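Single-letter residue listing:
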Amino acid sequence: MASAFARIAFTPKVRAAQTRMGSRDGYRQLETGEDEVAALGPMEIEFIAERDSLYQATVGESGWPYVQHRGGPPGFLKVLDERTIGYADFSGNRQYLSVGNLAGDDRVSLFLMDYAQQRRLKLWGRARLVDESLEPELIARLESPGYRARVERGVVIHVEAFDWNCPKHITPRYTKAQVDELLRSARPQTQPTPAAAPIGSGALALTVTGIRQMTPRIRAYELRPADWGSLPQAAAGAHLNIPVQLADGRLATRQYSLASHPSRRDIYEIAVLREDDGRGGSEAIHANWAIGTRLNVAPPLNQFSLHDDARPAVLIAGGIGITPIKAMAQALQARGTPFMLHYTARRPEEMAYRDRLAIEFPQQLRLYFSRVAGLARMDVDALVRSAAEDAVFYVCGPATLIGAVASSARQLGIAPERVQFESFS
Ligand SMILES: Cc1cc2nc3c(=O)[nH]c(=O)nc-3n(C[C@H](O)[C@H](O)[C@H](O)COP(=O)(O)OP(=O)(O)OC[C@H]3O[C@@H](n4cnc5c(N)ncnc54)[C@H](O)[C@@H]3O)c2cc1C
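A quick note: this is a predicted structure, and the numbers were derived from the prediction, not measured. (Residues numbered from 1 in each chain as written. Predicted model: local features only at pLDDT ≥ 70, side-chain atom pairs only at ≥ 80, totals over all residues. Heavy atoms only, no water.)

Q: Sorry if this is basic, but what is going on with the domain arrangement of the protein chain here?
A: Many descriptions give the size of an interface as the accessible area lost when the pieces come together. Here the domain parsing of the protein chain yields domain 1 (37-165), domain 2 (198-302) and domain 3 (313-422). The C-alpha-based centres of domain 1 and domain 3 are spaced at 40 Å. Buried surface at the junction of domain 1 and domain 3, both sides included, amounts to about 560 Å², of which 45% is carbon and sulfur. In terms of surface lost to domain 3, no three residues of domain 1 exceed Met43, Gln117 and Arg119, which account for 67% of the buried area on that side. Our count for the contact surface shared by domain 1 and domain 3 stands at 1 salt bridge. A salt bridge links Glu46 to Arg371; the shortest N-O distance between them is 2.8 Å. (Domains from an automatic or database assignment. Buried area = accessible area lost by both parts, 1.4 Å probe. Salt bridge = Lys/Arg side-chain N within 4 Å of Asp/Glu carboxyl O.)

Listed below in structure tokens is the structure:
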């Protein structure tokens, strides 16, 4: 399909420059086939909804471009439909450069930046100015409730093309809100004092002896026997039933897979994703556990065990589902069983154990990202198809990932016994 972006941006002189610099062959394929009708998809719509600023270029009568910065609360740029976006124009320095330029030429080029995630989206379109007295309902759709700035007009843009850029050379920068959120999750939310009395009534007495912030929402906890003795052996795939004191004082139980190397008898490590809209178990752990917190837990259980013969394994993890999968990879490596480790998450910075896995399993690890344009996305079907004929699959992650693997395996006639999974919900 001939990309709308290439149609607009690859002018004869641009093509000549690509030829001169040796990139023409790679880009030529963007110009073949039927003309694409640019329509914003879920990824673009979500990205636009998170932006709090944009850069907009217009063309003046002199032929000079003019770039204007526009900002507002996150989501101030609205997606009206898959081909139309718009924003409320607040009063500024009253030079009216863009307004004047648009009166002569309606073409705009927009740059939307996400510095923190090193992503950017370029859009081309045709803009029209909206007068509140003539189209009050449209202006109302463009306004951001609660944002105290006077709206002078609306700008509605018919999108003609868009393109994602690669993350190269974007220096990560963070807004105050993002820094506050990072600090909030890095800092204990209350002043935790290690509980004087242990939590829970299990036979195994453990103490929290280490806490590591692995991603903004995932913390790893190192648990040692209270007497610094030896822990029960826990094979890869095992989990602990952890007693948790909820905010209202009730005692609840949550399961956490052991992410530590299965051969270790001195510590267990669990990694807990803070669920902000859950029933409060993971939030309570993040808020209250400190070095010295004591727990009485039952010995580990295992409902997600590895096969014990020499067949190769395909390990598939989505998000926090990496915890048992990491231990499985370490067990397979230790016993010399061939395996591949496929790990997907939304973004690199949300991936627990990413660097560690890359060092331990440079040959076996494949990483995928679902929310970063330009980086590989997991193709479950291709992955299942390319596995060895007798491979055993182990999947842990969101229900959609588990469902996709199960469905691909079913279609390929893979025996259910060869597809093992654990769901966290
Ligand atoms: C065997 C096993 C191993 C596990 N291992 C890990 C691990 O290694 N790391 C880890 O972080 N977690 C793990 N879990 C999940 C963990 O046990 C908890 O479920 C998790 O920490 C969330 O607990 P919570 O009380 O904070 O939230 P929960 O209330 O349990 O919420 C979990 C999710 O469900 C949604 N939800 C809750 N209530 C509702 C509702 N009424 N309607 C719709 N959605 C709802 C929430 O939005 C949230 O996304 C594991 C679970 C199992 C079963």
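After that view of the structure, there is still more to cover.
Q: Would you explain the pairing of strand S6 (residues 119-130) in this entry?
A: Moving residue by residue along a regular strand, the side chains alternate between the two faces of the sheet. Within S6, 9 of the 12 residues are buried, which leaves the element mostly enclosed by the surrounding structure. Bridge count between strand S5 (residues 107-114) and S6: 8 bridges; the pairing is antiparallel. Looking at S6, one finds that Ser109 is bridged to Trp124. Here S5 hands over to S6 after 4 residues, with Gln118 in that stretch at a positive phi of 55°. Strand direction decides the pairing type here: S6 and strand S7 (residues 151-165), joined by 11 bridges, are antiparallel. Residue pairing for S7: Ala127 is matched across the bridge by Ile157. (Buried < 20%, exposed > 50% of the residue type's maximum accessible area, 1.4 Å probe, protein only. Helix = DSSP H or I, 4+ residues; strand = E, 2+ residues; numbered from the N terminus. Pairing = 2+ DSSP bridges.)

Q: How should the site of the ligand be read in this particular structure?
A: If you check the shell around the ligand, you find 20 residues, and the closest are Arg254, Gln255, Tyr256, Arg279 and Ser282. With respect to the ligand, the backbone of Leu273 contributes an N or O atom lying 2.8 Å from an oxygen atom. In the environment of the ligand, an oxygen atom lies 2.9 Å from a nitrogen or oxygen atom belonging to the side chain of Glu275. Burial of the ligand by the protein chains amounts to 70% of its free accessible area of 950 Å². Elements with a contribution of two residues or more to the shell around the ligand: strand S11 (251-257), strand S12 (268-273) and helix H8 (281-288). If you tally residues by element for the shell around the ligand, the top one is S11, at 4 residues. (Near = heavy atom within 4 Å. Polar contact = N/O pair within 3.5 Å; in protein donor to acceptor, adjacent residues only side chain to side chain. Areas by Shrake-Rupley, 256 points an atom, 1.4 Å probe, with all protein chains shown as cover.)

Q: Would you take a moment to explain unusual backbone geometry for this structure?
A: Negative phi characterises most residues that are not glycine, and trans characterises most peptide bonds. Backbone geometry places Tyr96, a non-glycine residue, at a positive phi of 55°. Counting through the fold element by element, Tyr96 comes out in the loop between strand S4 (84-90) and helix H5 (97-104). According to the relative accessible area criterion, Tyr96 is partly exposed, its value standing at 33%. With a phi angle near 65°, Tyr353 is a residue other than glycine that sits in the positive phi range. By the element assignment, Tyr353 lies in the loop between strand S16 (339-345) and helix H10 (354-360). By relative accessible area, which is 5% here, Tyr353 ends up buried.

Q: For this particular structure, what's the right way to read helix H2 (residues 12-21)?
A: Helical periodicity: at 3.6 residues per turn, an α-helix aligns residues three or four positions apart in one direction. In terms of residue burial, H2 counts as a barely covered element, since only 1 of its 10 residues are buried. In the stretch just after H2, Gly22 is the one whose phi turns positive, near 85°.

Q: What is the right way to look at the pattern of salt bridges in this model?
A: Enumeration according to the criterion identifies 29 salt bridges in this entry. Between Asp25 and Arg28 there is a salt bridge; the shortest N-O distance is 2.9 Å. Of the two residues, Asp25 and Arg28 are both situated in helix H3 (residues 24-28); the distance of 3 residues between them amounts to about one turn of the helix. Given the relative accessible area of 61%, Asp25 is considered exposed. Exposure remark for Arg28: the relative accessible area of 41% places this residue in the partly exposed category. A salt bridge links Arg385 to Asp381; its shortest N-O distance comes to 3.2 Å. Taken as a pair, Arg385 and Asp381 lie in helix H11 (residues 380-385) at a separation of 4 residues, close to a single helical turn. Of the residues examined, Asp381 reaches a relative accessible area of 27% and is grouped as partly exposed. Linked by salt bridges that have partners in common, Arg70, Asp89, Arg94, Glu152 and Arg153 make up one network.

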